[in-house]
Amino acid sequence: MTSLEERQKIINSINEFIKKPLEIDTVRFHLPPKYAQRQLKPGDVARFFGIDRSTYYRWLKSPRDDQRKGRRNNLPCLSEETRQEAVAMLKKYPDLTPAVIAAKCLYEFGRYLCSTRTFYRLMDENGLNNPRRSNGGKGTQHNFNRTRLVADGPNQIWCWDITYLNSDVRGVFFFLYSILDLYSRKNIYHDVYECQSDSLAARFLENALRCEHIAIAGHLPPEECAKTDIIIQNLILHSDNGGPMKGCNMIAKMAALGIQASYSRPLHSNDNAAMESSFATLKHGHSVPIPKAFSSVKDARQWTDKFYHWYNTEHRHSGICYLTPEECHSGRAQEILAQANEIRAQINIERGLMNPLKPLALPKTVSICNFKNNFKNITNKAIANKLRDEDYRSI
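Worth saying up front: this structure is predicted, and the values here are computed from it rather than measured.

Peer 1: Sorry if this is basic, but what is going on with the packing of aromatic side chains here?
Peer 2: Here the distance between the centres and the angle between the planes together describe a pair of aromatic rings. Summed over the entire model, instances satisfying the criterion amount to 15 aromatic pairs. Look at tyrosine 56 and tyrosine 57: their rings are 5.2 Å apart centre to centre, the planes differ by 65 degrees, and that puts the pair in the edge-to-face class. Ring centres of phenylalanine 307 and tyrosine 311 lie 5.9 Å apart, and the angle between their planes is 35 degrees; this geometry places the pair in the tilted category. Note that phenylalanine 307 and tyrosine 311 are positioned in helix 13 (residues 297-313) at a spacing of four residues, about one turn of the helix. Judged by relative accessible area, which is 1%, phenylalanine 307 ranks as buried. Against the face of tyrosine 263 rests lysine 246, its NZ or CZ located 5.2 Å from the ring centre.

Peer 1: Help me out: how do you make sense of the side chain of aspartate 181 in this one?
Peer 2: Following the sequence through the fold, aspartate 181 ends up in strand 5 (residues 173-181). From its side chain, aspartate 181 meets the backbone nitrogen of asparagine 155 in a polar contact 2.7 Å long. Here serine 184 takes part through its backbone nitrogen, which lies 2.9 Å from a polar atom of the side chain of aspartate 181. Contacts of aspartate 181, omitting those with residues within four sequence positions, involve Pro154, Asn155, Gln156, Ile157, Trp158, Lys186, Ile188 and His329.

Peer 1: I tried to follow unusual backbone geometry on my own but got confused; where do I start?
Peer 2: For residues besides glycine, phi is generally negative; the peptide bonds are generally trans as well. A positive phi is found at asparagine 155, a non-glycine position, where the angle reads about 60 degrees. With respect to the helices, strands and loops of the structure, asparagine 155 is situated in the loop between strand 3 (148-151) and strand 4 (157-166).

Peer 1: Mind showing me how you'd approach the pattern of salt bridges here?
Peer 2: When the charged atoms of two side chains with opposite charge come close together, those side chains can pair. With the rule as written, the count across this model stands at 12 salt bridges. A salt bridge links glutamate 16 to lysine 19; the nearest nitrogen and oxygen atoms lie 3.5 Å apart. Remark: lysine 19 and glutamate 16 occur in helix 1 (residues 4-19); sequence separation between them is three residues, near one turn of the helix. Residue classification places glutamate 16 among the partly exposed residues on the basis of a relative accessible area of 49%. For lysine 19, a relative accessible area of 63% translates into the label exposed. Connected via shared salt-bridge partners are Lys104, Glu108, Arg316 and Glu327.

Peer 1: I would appreciate a short explanation of the state of the cysteines in the present structure.
Peer 2: Each disulfide is one covalent bond, formed between the sulfur atoms of two cysteines. Under the defined criterion, the tally for this structure stands at zero disulfides. For cysteine 114, which is in no disulfide, the shortest distance to another cysteine sulfur is to cysteine 105 and amounts to 8.1 Å. We classify cysteine 114 as buried; its relative accessible area is 2%.

Peer 1: Please clarify how a nonpolar patch on the surface should be interpreted in this entry.
Peer 2: Residues Phe29, Leu31 and Tyr35 make up a contiguous nonpolar surface patch of roughly 300 Å² in combined accessible area. Mapping leucine 31 onto the fold places it in the loop between helix 2 (26-29) and strand 2 (37-38).

Peer 1: Explain the nonpolar core here, please?
Peer 2: Tyr107, Leu165, Leu182, Phe307 and Leu362 are the most contacted members of the largest nonpolar core, which has 43 residues in total. Going through the elements one at a time, helix 6 (98-108), strand 3, strand 4, strand 5, helix 12 (273-284), helix 13, helix 15 (333-351) and strand 11 (366-369) are the ones with two or more residues in this core. By residue number, the principal contributor to this core is helix 13, which donates seven residues. Residues in contact with tyrosine 107, not counting those within four places in the same chain, are Arg316, Cys321, Tyr322, Leu323, Ile336, Leu337, Ala340 and Leu360. Formed by 26 residues, the second largest nonpolar core is a distinct cluster that contains Trp158, Phe175, Ile188 and Ala201.

Peer 1: Before we go on, may I ask you to explain the packing of helix 8 (residues 198-212) against helix 11 (residues 248-257) in this structure?
Peer 2: At a minimum axis separation of 7 Å, helix 8 and helix 11 run at an interaxial angle of 25 degrees. Classified by the angle between their axes, helix 8 and helix 11 sit roughly parallel to one another. Here helix 8 runs over helix 11; the crossing is right-handed. Residue-level contacts link Asp198, Ser199, Ala201, Ala202, Leu205, Glu206 and Leu209 of helix 8 to Cys248, Asn249, Met250, Lys253, Met254 and Leu257 of helix 11. The residue makeup of the contact of helix 8 with helix 11, split by class, is eight nonpolar, two polar and three charged.

The rules behind these values
Residues numbered from 1 in each chain as written. Predicted model: local features only at pLDDT ≥ 70, side-chain atom pairs only at ≥ 80, totals over all residues. Heavy atoms only, no water. Phe/Tyr/Trp six-rings, centres within 6.5 Å; stacked < 30°, edge-to-face > 60°. Helix = DSSP H or I, 4+ residues; strand = E, 2+ residues; numbered from the N terminus. Buried < 20%, exposed > 50% of the residue type's maximum accessible area, 1.4 Å probe, protein only. Lys NZ or Arg CZ within 6 Å of the ring centre and 35° of its normal. Polar contact = N/O pair within 3.5 Å; in protein donor to acceptor, adjacent residues only side chain to side chain. Contact = heavy atoms within 4.5 Å. Salt bridge = Lys/Arg side-chain N within 4 Å of Asp/Glu carboxyl O. Disulfide = S-S within 2.5 Å. Patch = residues over 30% accessible without salt bridge, like charges linked within 9 Å, V, L, I, M, F, W, Y side chains within 5 Å. Areas by Shrake-Rupley, 256 points an atom, 1.4 Å probe, with all protein chains shown as cover. Core = buried A, V, L, I, M, F, W, Y, C linked by side-chain atoms within 4.5 Å. Axes fitted to C-alpha atoms, helices over the stretch in contact; angles between N-to-C directions. Parallel < 35°, antiparallel > 145°, perpendicular 65-115°, else oblique. Left-handed = near helix turned anticlockwise from the far one by under 90°. Nonpolar A, V, L, I, M, F, W, Y, C, P; charged D, E, K, R; others polar.

Quick look at the structure:
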């Protein structure tokens, strides 16, 4: 930053230069006589002093007035006690990202220590910035289809998939079936079997609805309605194109339960990104480390029960303002966020931040890629209207 004395000296020097014309040796530079003198402009001279023309005029108006808002360091806003407390939290939870730690402090302890970016600065200063996943980070970002399924609340769209779990015998695997709510990210239901089949998938889906006490309107006998807590009008189940997902038993069971099927595009695993992300957390996370192998289905079920209990009740998900899936799914999110926003508003007043902390809010909608449903709707429309092949291709 240029001092006040230096500013005044630069202004005086520029004014001296522009008072009288500049003499130019036209013979030496082979110029016409009319260029022997030239009246200098402030911008021409200001560049030689390392400032812009606008800076000269601003200093000329008031040397003390500097309208430029220079880069501000927010670290001095923190007391040494707060800095040490933030570093202690980083050391206490080495496997959590700074965003998750900030949310944990806010929601669980009612404290706002510092911003996520300040946590990163403190990590760099103390040499704590290490990978928090065993695979070193995220995979490649892929393109996606813009036609999507959209959920604006829980129990509207469920995603499900199957993944391998290693057994003690090489080449033999157990299979984890898992259903996830797209909006709240809550694990609705899970189970481990020794094989993949559409009959097991059908039974698994029925158990998921029974466990969650959910039924679709018009697809439940009257005597069963009293046993069901939640009656919803529509439920979409999204999956990839695996055999258990598209088997006849699974399709028949979904039709009987009133569930609408949705499938990913072929060879596009990122269309079911929510499930793939949850499996990545399951296999590469450090909070509940996965064993190298399981000796039996019973052992695999015990461990998955432990993992998904942590996932639903303790894991803070970035897609839902770092709330836990259980808090989002149960409807307590707005109350928790309101309390957190009061703390953040108080911090804005106390610290006088240049960039005030914005209120936290859940996403209005969560979407997922969907190609098959759209293609099926177009096909039905083409058949209903008896369109010609060339007309069908133009839809």
